[in-house]
Structure formats: structure tokens, C-alpha cells
Amino acid sequence: MLSAEVGGAAELGELGKRLRGADKVYRKELRIGLNRATKPLKEQVKSELPVFLPAGYAKVMRKALKPKTVVRTGGLASVRIVASAKGRHKNRDVRALDKGTLRHPLWGNRDFWYAQKVRAGFWSEPMRDGRARVRAEVMDVIRTVNRRIVGGS
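Residues numbered from 1 in each chain as written. Predicted model: local features only at pLDDT ≥ 70, side-chain atom pairs only at ≥ 80, totals over all residues. Heavy atoms only, no water.

Student: Looking at this model, I keep getting lost on a nonpolar patch on the surface. Mind explaining?
Tutor: Taken together, the side chains of Leu106, Trp107, Phe112 and Tyr114 define a hydrophobic patch exposed on the protein surface, amounting to about 530 Å² of accessible area. Here Tyr114 lies in strand 5 (residues 109-117). (Patch = residues over 30% accessible without salt bridge, like charges linked within 9 Å, V, L, I, M, F, W, Y side chains within 5 Å. Areas by Shrake-Rupley, 256 points an atom, 1.4 Å probe, with all protein chains shown as cover. Salt bridge = Lys/Arg side-chain N within 4 Å of Asp/Glu carboxyl O. Helix = DSSP H or I, 4+ residues; strand = E, 2+ residues; numbered from the N terminus.)

Below is the structure:
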């Protein structure tokens, strides 16, 4: 599993304290807003797969890759985008893939596995490039929900 922190942890921690005593509507609004803010970055990762991976495998990974937004409002508050990818027999090694190693069986023979070098960064490059833009949107969502709780509207 891979993850990338988007930002806004301190502000989210403060909002988390307010959310505990607030109506559930605000939690839902926060979750929907953060998912909307991070969606373009998750889609960017998937659309750029052919740049990093062999064409046939990029198609397979596009279907298998499941990036999701994980929000923690208590303790160590964070907004992270995490990714996992299921394979036929077990989860794919997305961490090694991001480092530039694609392991696969020789012509489907699961007794003989080979490591193939691919361009590193299928996850980390788009996350790094889009982080500032997504962070700004995440901060807008956090501020909006915070204002609505304090203002009661």
C-alpha cells in the first residue's frame, strides 16, 4: 500500500474537535468535500500510468488500482490518499512498482518470477506535482466546514 499526505493536519485537528459535538451533517459534508478535492489527483495517477508502465500492464493496473482518501480528525490528524491494487492471487506490490520494479511470472508460470525495470514514480510523481493544488482545495473544504459549524448554518 502507498500513501501520500495532502496537508492541513493542524487545521483538520482543530476541526475534528468541533466535529465531535456537532451534527453528523458536517462530518458528511467534510468527507464529501475532501473526496471531491482529492479526486482529480487520484484520476491523474491513473491517467499517467502508460507513461510509467508497459502498455499492457498499465491497462491492468488502471483497473486494479484503488486510490482512496483517508481522513483522520483526532490525534494525529491527516488527509492522505492511499493506494492498493488487487491481483488475481494477492495484492500487487505497488510500493516496488513506484520504486521502478515490476515483478511478473514468465508467461504465466508462477514458479518463475522476473523483475523488470520500469520508470519509477507512477504514484509519487503525480502526488508531488499535484499536492499544492489539492492542499489548497482541502484547506478550502476544512475552512468552509469550520465556518458552518461555528456559524451554525
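Student: Just checking my understanding: could you explain the sheet that holds strand 3 (residues 78-85) for this structure?
Tutor: Within a beta sheet, neighbouring strands are joined by backbone hydrogen bonds and run either parallel or antiparallel to one another. Spatial ordering of the open sheet is given by 1-3-2, a layout of three strands whose pairing is antiparallel. The strands lining the two open edges of the sheet, one partner per strand, are strand 1 (2-5) and strand 2 (65-72). Averaged over neighbouring strand pairs, the angle between their axes works out to 20° when direction is ignored. Here helix 4 (residues 55-64) sits on the sheet in contact with strand 2 and strand 3, set at roughly 35° to strand 2. (Pairing = 2+ DSSP bridges. Axes fitted to C-alpha atoms, helices over the stretch in contact; angles between N-to-C directions. Contact = heavy atoms within 4.5 Å.)

Student: I would appreciate a short explanation of the pattern of salt bridges in the present structure.
Tutor: Two side chains of opposite charge can pair, provided their charged atoms sit close to one another. Here the structure, examined in full by the defined rule, presents seven salt bridges. For Lys17, the salt bridge goes to Glu14, with nearest N and O atoms at 3.4 Å. Highlighted residues: Lys17 and Glu14, both in helix 1 (residues 9-20), separated by three residues, approximately one helical turn. We note a salt bridge from Asp140 to Arg143, for which the minimum N-O separation is 3.7 Å. Remark: Arg143 and Asp140 occur in helix 6 (residues 124-151); sequence separation between them is three residues, near one turn of the helix.

Student: Is there a simple way to think about the packing of helix 1 against helix 6 in this case?
Tutor: Each pair of packed helices gets described by two things: the angle between the helix axes and the distance between those axes. Where helix 1 meets helix 6, the closest approach of the two axes is 10 Å, and the angle between their N-to-C directions is 30°. Looking at the two axes, helix 1 sits roughly parallel to helix 6. In this structure, helix 1 crosses over helix 6, and the sense of that crossing is left-handed. Taken together, the residues of helix 6 that come into contact with helix 1 (itself represented by Glu11, Leu12, Leu15, Arg18 and Leu19) are Met139, Ile142, Val145, Asn146, Ile149 and Val150. (Parallel < 35°, antiparallel > 145°, perpendicular 65-115°, else oblique. Left-handed = near helix turned anticlockwise from the far one by under 90°.)

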